[in-house]
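# Breakdown of the fold
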Amino acid sequence: MLPSKLGTTGTVAVKLAGIQNPSGSPSRMTRVLTGITTSGTPHLGNYVGAVRPAIAASHAPGVESFYFLADLHSLVKVQDAARVQRSTLEIAATWLAAGLQPDKVWFYRQSDIPEISELNWFLTCVAGKGVLNRAHAYKASVDRNRADGEDDDSGISAGLFMYPVLMSADILLFNANKVPVGRDQVQHIEMARDFAQRFNHLFGGEYFVLPEAAIEDNVATLPGLDGRKMSKSYDNTIPLFAPHAEMKKLIASIVTDSRAPGEAKQVEGSHVFQLYQAFASAEETAQMQVAFAEGIGWGDAKQKLFERIDAEVAPMRDHYEALMAKPAEIEAILRDGAQRLRTKYATPFMAELRHAVGLRDLSSAPAAEAEAASKAALPVFKQYRDTDNRFYFKLLDGEGKLLVQSNGFDSPKDAGQLIGVLKRSERADAMETPGINVLVPVDEVLAALLQLRNAEA
Ligand code: TRP
């Protein structure tokens, strides 16, 4: 592909940019990419909201799926090394236990692809600071500081500020078309589009495909123990692979209203019901709805919820535990995925991008040559001395066609002076000078002179 051509055919490589990933090509599969920040233990909300739908989607025809552990992102929030390592292992084991097939999809760890960090810098240099100032996550931190009477940027790392750029690098390096995300991440995808467009524009090629957010509206957002969205930041989660006793205890602690057994209960607004629905078939859900109307006790409802979750989780749990017992196997799977992905996409594409921005092999296709090539497209005045020893000039267009031929002059200075006059000419009557012969329609000459002036401006 392209990299072999780089270095010897500078301008050609630039023109070919993007052909590696022609978004419009019918033969190219749609690339769907998702990152999972490695900052905690996977919980039921992650499973229902991200893992399960993503694995289902990876079976769709015509899709090339990319799943990665966003461990570089985790450093923005977590400065506990052991926790980053444990979370990376747990999340990788979760995805594998849930049925992700590492030979069918790309499954890798962000920090194993150094090209992501390199692209992060390229994008940092095109990203508008003003755009980043408007990022919701950063603004929310500033607002909190203001509310607390602190300095605006108190406690905010540059990593938090730059988070959207790193995320753009994740997405753009693989020219992902679709990025399934929650609503809170949509702004990040818009920024990725913005940075991609700026880069394409600045470096004159369709290097990056513009990604689109795929908002998962029909995917359930699970309530946590307290009824707010299940999230590690609210500390209200049920770990996906919690041991039985712990899972039971946590489910028992889900907030409910105080209706007694025998009293009819509402399914609307019931967290127990919502959780049940996320795991049950339509039929089971309908049955539970009847049970609610008939006054099932909360203890019984929670027992049924526990059993339903366990029925789905139990087979995965065995797999999960087997994987957790062999971390070296997970390590090998991740490294293998990253290695193949680098060879196939990251390394060649990064070589193309390095070339695009001017990080080039100095011995190949020197910049001057490329410049000469671009100037060749412009009209040119050529001065020369002929066999009669007199001084002449001619005007050629970009393709080398002769537009104007001068008569002979006694000195190169005389010839040069007339060239100067012609260069400034904007009107047809200026072409009536005795020293020259116009060989094409005058308009063509005027157009060529205008082109020259524009290029020299
Ligand atoms: N920011 C995402 C989150 O917090 C994780 C993430 C990092 C990501 N890089 C990404 C998601 C690229 C999609 C694409 O959920």
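What counts as what
- Residues numbered from 1 in each chain as written.
- Predicted model: local features only at pLDDT ≥ 70, side-chain atom pairs only at ≥ 80, totals over all residues.
- Helix = DSSP H or I, 4+ residues; strand = E, 2+ residues; numbered from the N terminus.
- Rg over C-alpha atoms; globule rule 2.2 N^0.38 Å.
- Buried ≥ 20, exposed ≤ 12 C-beta atoms within 10 Å, placed from the backbone.
- Contact = placed C-beta atoms within 7 Å.
- Pairing = 2+ DSSP bridges.
- Near = placed C-beta within 6 Å.
- Nonpolar A, V, L, I, M, F, W, Y, C, P; charged D, E, K, R; others polar.
- Axes fitted to C-alpha atoms, helices over the stretch in contact; angles between N-to-C directions.
- Parallel < 35°, antiparallel > 145°, perpendicular 65-115°, else oblique.
- Left-handed = near helix turned anticlockwise from the far one by under 90°.

### A few points about the overall build of the protein
- Counting its secondary structure elements, the protein contains 17 helices and nine strands.
- In terms of overall size, the protein is more extended than a compact globule, its C-alpha atoms giving a radius of gyration of 32 Å where 457 residues would be expected to give roughly 23 Å.
- Each principal axis of the C-alpha distribution contributes one length, and for the protein these read about 115 × 45 × 45 Å.
- A burial count over the protein gives 33% of its 457 residues as buried.
- The long-range fraction of contacts in the protein, counting pairs at least 24 apart against all pairs at least 6 apart in sequence, stands at 71%.

### Quick notes on the pairing of strand β5 (residues 212-215)
- As judged from the four bridges shared by strand β4 (residues 178-181) and β5, these two strands associate in the parallel manner. Across the sheet, residue Lys 178 finds its bridge partner in β5, namely Glu 212.

### Looking at the environment of Ser 231
- Mapped onto the secondary structure, Ser 231 falls in the loop between β5 and α10 (244-252).
- Along the backbone, Ser 231 and Asp 443 are 212 residues apart, and their C-alpha atoms lie at a distance of 71 Å.
- Ignoring any residue separated from it by four or fewer positions in sequence, one finds Ser 231 in contact with Gly 45, Gly 224 and Thr 237.

### Here's the deal with the site of the ligand
- The local shell around the ligand consists of Leu 33, Thr 34, Gly 35, Thr 37, Ala 70, His 73, Met 167, Asp 170, Ile 171, Val 179, Val 181 and Gln 185.
- Of all the secondary structure elements, the ones that give two or more residues to the shell around the ligand are β1 (30-37), α8 (158-172) and β4.
- Here the shell around the ligand gets four residues from one element, more than from any other, and that element is β1.
- When the residues that make up the shell around the ligand are grouped by side-chain class, the tally is six nonpolar, five polar and one charged.

### Some points on the packing of helix α4 (residues 81-97) against helix α13 (residues 298-324)
- As a packed pair, α4 and α13 sit with axes 9 Å apart at the nearest point and diverge in direction by 135°. One finds that α4 runs oblique with respect to α13. For the pair α4 and α13, the crossing hand works out as right-handed. Residue-level contacts link Leu 89, Ala 93, Thr 94, Leu 96 and Ala 97 of α4 to Met 316, His 319, Tyr 320, Leu 323 and Met 324 of α13.

### Observations regarding the sheet that holds strand β8 (residues 402-406)
- The strand order β6-β7-β8-β9 describes an open sheet built from four strands, whose pairing is antiparallel. Looking at which strands have only one partner, the edges of the open sheet turn out to be β6 (380-385) and β9 (436-438). The mean inter-strand angle of the sheet, taken between neighbouring strand axes irrespective of direction, is 20°.
- Sheet strands in contact with helix α16 (residues 412-424) are β6, β7 (391-396) and β8, and its direction is about 30° off that of β7.

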